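What the coordinates show
Now for the letters of each chain:
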Amino acid sequence: MFTAFLYKEWIKLRTPLIILFTLQLLWLLRLGFFLNANRSDNNIMMWFDWMWGGKLFFSGFSPLPAIIAFVIALAQFLPETRDKRLKLMLHLPLSQYRVIASHLLIGLAALFTLCLIAACIITSYIYLWFPAFLILPALLSILPWCLAGVCIYSLTAMAVMEGKVLYRITYSSIIAGLFLWFTRADYHLWYGSALPWLAVVTLFTLPLPLLSVQRFRQGVSA
């Protein structure tokens, strides 16, 4: 069953994923060209800014996981709800939660893969042009942005499957708030001790689409 869902989701997601991967890669290559072109005195200044000023040279990456998550969720669930295909699937002799969990797992795997690729490339830049001990703090600085992607993905899927307009507006407001909260920092280890709380919020949002799918199956609308 999961293999069938995987193939179906690949058909839907392949074009958006290729576009997202290309745009992310172009941004990362631009960052790499900038670092390489300024690999002497300017890199030393960036290192000082990072270590003593806390300013991250890769801060432009902060909104990308959330944007990627938003696009993936729309590409996955908007066609399903618009064409009523999701309602048909939910009436198959399968657990509705298992069906939606399979979709969510595939979407999160795609998001995780793109974030992992970006993190590896940024890490390689640090290894090439900065002290190696900065790699772990850089990854900890990137982590909240990736957690933002997970939250935005879950809440977007929840909003798309929700039938009531008022609820959709509420979910959209929460999405905007979480986006601003998780991605506001462009400084070294900005969140620091708040990381456990961000992880708790992320775990809380993961099962939320299952609530909307129950309402979707029952035909709850505006």
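The preceding data block contains the structure.
None of these values were measured; they are calculated from a predicted model.

Secondary structure summary: the protein chain contains nine helices and zero strands in total. If you list the helices and strands of the protein chain from N to C, you get α-α-α-α-α-α-α-α-α. Counting across all 222 residues of the protein chain, residues that qualify as buried make up 45%. Contacts in the protein chain between residues at least 24 apart in sequence constitute 82% of all its contacts with a sequence separation of at least 6. Taken as a whole, the protein chain presents about 11600 Å² of accessible surface, with 72% of it coming from carbon and sulfur.

It is worth spelling out the side chain of Ser141 at this point. With respect to the helices and strands, Ser141 occurs in helix H6 (residues 135–161). Looking at Ser141, its side chain comes within polar contact range of the main-chain oxygen of Pro137, at 2.9 Å.

Moving on, we get to the packing of aromatic side chains. Per the stated rule, a full pass over the model turns up three aromatic pairs. The rings of Trp27, Phe58, Phe61 and Trp145 are connected pair by pair, giving a single aromatic cluster.

Here the focus is the nonpolar core. A general feature of soluble globular proteins is that nonpolar side chains tend to end up buried together. Of all hydrophobic cores here, the largest spans 56 residues; its most connected members are Phe58, Ile72 and Ile126. By residue number, the principal contributor to this core is H6, which donates 17 residues. When sequence neighbours within four positions are dropped, the list of residues in contact with Ile72 reads Leu13, Leu17, Leu20, Gly107, Ala110, Leu111 and Tyr153.

Nonpolar side chains collect at one region of the surface, where Ile19, Leu23, Leu26, Leu29 and Phe33 lie side by side and expose about 520 Å² of accessible area between them. Looking at the element boundaries, Leu26 is found in helix H1 (residues 2–37).

Here the focus is the packing of H6 against helix H7 (residues 165–183). At a minimum axis separation of 9 Å, H6 and H7 run at an interaxial angle of 175°. With respect to H7, the element H6 is oriented roughly antiparallel. Contacts from Pro144, Trp145, Leu147, Ala148, Cys151, Ile152, Leu155, Thr156, Met158, Ala159 and Val160 of H6 reach H7 at Arg168, Tyr171, Ile174, Ile175, Leu178, Phe179, Phe182 and Thr183. Here the residues of the contact of H6 with H7 are counted per class, giving 16 nonpolar, two polar and one charged.

Its 19 residues give H7 an end-to-end C-alpha distance of 27 Å, which sits within 8% of 27 Å, the value for a rise of 1.5 Å per residue. Where H7 is concerned, the buried positions are Tyr171, Ile175, Leu178, Phe182 and Thr183. Buried residues along H7 cover an arc of 95° about the axis, so they all sit on one side. H7 presents Leu166, Ile169 and Leu180 as exposed residues on the side facing more than 90 degrees away from its buried surface.

Thresholds, definitions, all that
Residues numbered from 1 in each chain as written. Predicted model: local features only at pLDDT ≥ 70, side-chain atom pairs only at ≥ 80, totals over all residues. Heavy atoms only, no water. Helix = DSSP H or I, 4+ residues; strand = E, 2+ residues; numbered from the N terminus. Buried < 20%, exposed > 50% of the residue type's maximum accessible area, 1.4 Å probe, protein only. Contact = heavy atoms within 4.5 Å. Areas by Shrake-Rupley, 256 points an atom, 1.4 Å probe, with all protein chains shown as cover. Polar contact = N/O pair within 3.5 Å; in protein donor to acceptor, adjacent residues only side chain to side chain. Phe/Tyr/Trp six-rings, centres within 6.5 Å; stacked < 30°, edge-to-face > 60°. Core = buried A, V, L, I, M, F, W, Y, C linked by side-chain atoms within 4.5 Å. Patch = residues over 30% accessible without salt bridge, like charges linked within 9 Å, V, L, I, M, F, W, Y side chains within 5 Å. Salt bridge = Lys/Arg side-chain N within 4 Å of Asp/Glu carboxyl O. Axes fitted to C-alpha atoms, helices over the stretch in contact; angles between N-to-C directions. Parallel < 35°, antiparallel > 145°, perpendicular 65-115°, else oblique. Nonpolar A, V, L, I, M, F, W, Y, C, P; charged D, E, K, R; others polar. Expected span 1.5 Å × (residues − 1). Arc of directions from axis to C-beta.

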